[in-house]
Amino acid sequence: MDDLREEFRSRTEALVGAEGIAALKEAAVLVCGLGGVGGYVVEALARAGVGRIGLLDGDVVAPSNLNRQILALTDTVGMKKTEAAARRIALINPDCRTDVYDMFYLPDTADSVPLAEYDWVADAVDTVAAKAELICRAKAANVGIVSSMGTGNKLNTSFEICDMSETSVCPLARAVRKQLRDRGIERGVDVLYSREEPLTHGSRVPASISYVPAAAGLMIAGHIIKSIIGGARKV
């Protein structure tokens, strides 16, 4: 097992150094929403060696998730997403501590999530009210947060991470900006978004494809990982 642990970290340590590895092992990141975006955030955090990962989602894996969600396999359909994520993390890095919050993050459930215990939050929840509440509470707790805006109905991976005040085009970003502005927050929030106009189709359910949410989730994870190791080694 010791040899496995050493090999697990060897390629990452060659890039970020022993101090970077130590910083990742000490870090705690909460991932809210374990779907197409959030699942890939979890995957990258676990493989980077983050020592504690919070997993928040109240949903189960559905057959319609198989086209894009890394937690969705034929043998996980019907399983709680939190359970599937915790199981996957244990198979990647058994030393990683997982906290499970089998719930949907909403303004009336937010008190049950100890945000202050985490260094970073990855917001991949779906609703505008939940995103605004999560952002406001993370900022009040002085916890770093990256919030994912819309990734559905898109075919390109031209995402960027910027301040919320700099977003355009994205309908979800516009709605979240308004709620935050009403609560006195106009800037200082990192978001991932795309300038691509969403494609239209005949259903109210967002359309999706395999690689787009994956790219978004990996970008969010990269932003968090680089921020964590930035205090240990300039990157």
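Higher on the page you've got the structure.
The present account deals with the structure reproduced in this document. The structure displayed is predicted, hence computed values, not measured ones. (Residues numbered from 1 in each chain as written. Predicted model: local features only at pLDDT ≥ 70, side-chain atom pairs only at ≥ 80, totals over all residues. Heavy atoms only, no water.)

1. Let's talk about the pattern of salt bridges
Two side chains carrying opposite charge are able to pair once their charged atoms lie near each other. We count it as follows: Any carboxyl oxygen of Asp or Glu within 4 Å of a side-chain nitrogen of Lys or Arg constitutes a salt bridge here. Put simply, DSSP marks the helices as runs of H or I at least four residues long and the strands as runs of E at least two long, and each gets a number from the N terminus on. The buried label goes to any residue with under 20% of its type's maximum accessible area, the exposed label to any with over 50%, and the partly exposed label to all in between, with areas taken from a 1.4 Å probe on protein chains only.
One pass over the structure, following the stated rule, counts 14 salt bridges. Here Asp111 and Arg137 are joined by a salt bridge, their closest N and O atoms 2.8 Å apart. Remark: Arg137 occurs in helix H4 (residues 128–140) and Asp111 occurs in the loop between strand E3 (97–101) and strand E4 (120–123); sequence separation between them is 26 residues. Residue Asp111 is classed as exposed on the basis of its relative accessible area of 66%. The salt bridge partner of Arg183 is Glu133, with a shortest N-O separation of 3.1 Å. Placement of Arg183 in the loop between helix H5 (171–182) and strand E7 (190–194) and of Glu133 in helix H4 is noted, with a sequence separation of 50 residues between them.

2. Some details on helix H3 (residues 81–92)
Stated precisely, the cut-off is as follows: Here, expected helix span is obtained from the residue count minus one, scaled by 1.5 Å. Contact definition: two residues touch when any of their heavy atoms are within 4.5 Å.
Taking 1.5 Å of rise per residue, the twelve residues of H3 would be expected to cover 16 Å, and the 17 Å separating its terminal C-alpha atoms lies within 8% of that figure. Listing the buried residues of H3 in full gives Lys81, Thr82, Ala84, Ala85, Ala86, Ile89 and Ile92. Taken together, the buried residues of H3 touch helix H1 (2–26), helix H2 (36–48), strand E2 (52–56) and E3.

3. Let's talk about the nonpolar core
Definition in use: The criterion is simple. A nonpolar core is a set of buried Ala, Val, Leu, Ile, Met, Phe, Trp, Tyr and Cys residues joined through side-chain atoms within 4.5 Å.
Counting 43 residues, the largest nonpolar core has Leu45, Ile53 and Ile224 as the members making the most contacts within it. Among the secondary structure elements, those contributing two or more residues to this core are H1, strand E1 (28–32), H2, E2, H3, E4 and helix H6 (211–230). Each residue touching Ile53, except ones within four places of it in the same chain, is listed here: Val29, Val31, Val42, Leu45, Ala46, Ile89, Cys96, Arg97, Thr98 and Asp99. Among the nonpolar cores identified, the runner-up in size contains 33 residues, and Met103, Leu115, Ala130 and Cys136 belong to it.

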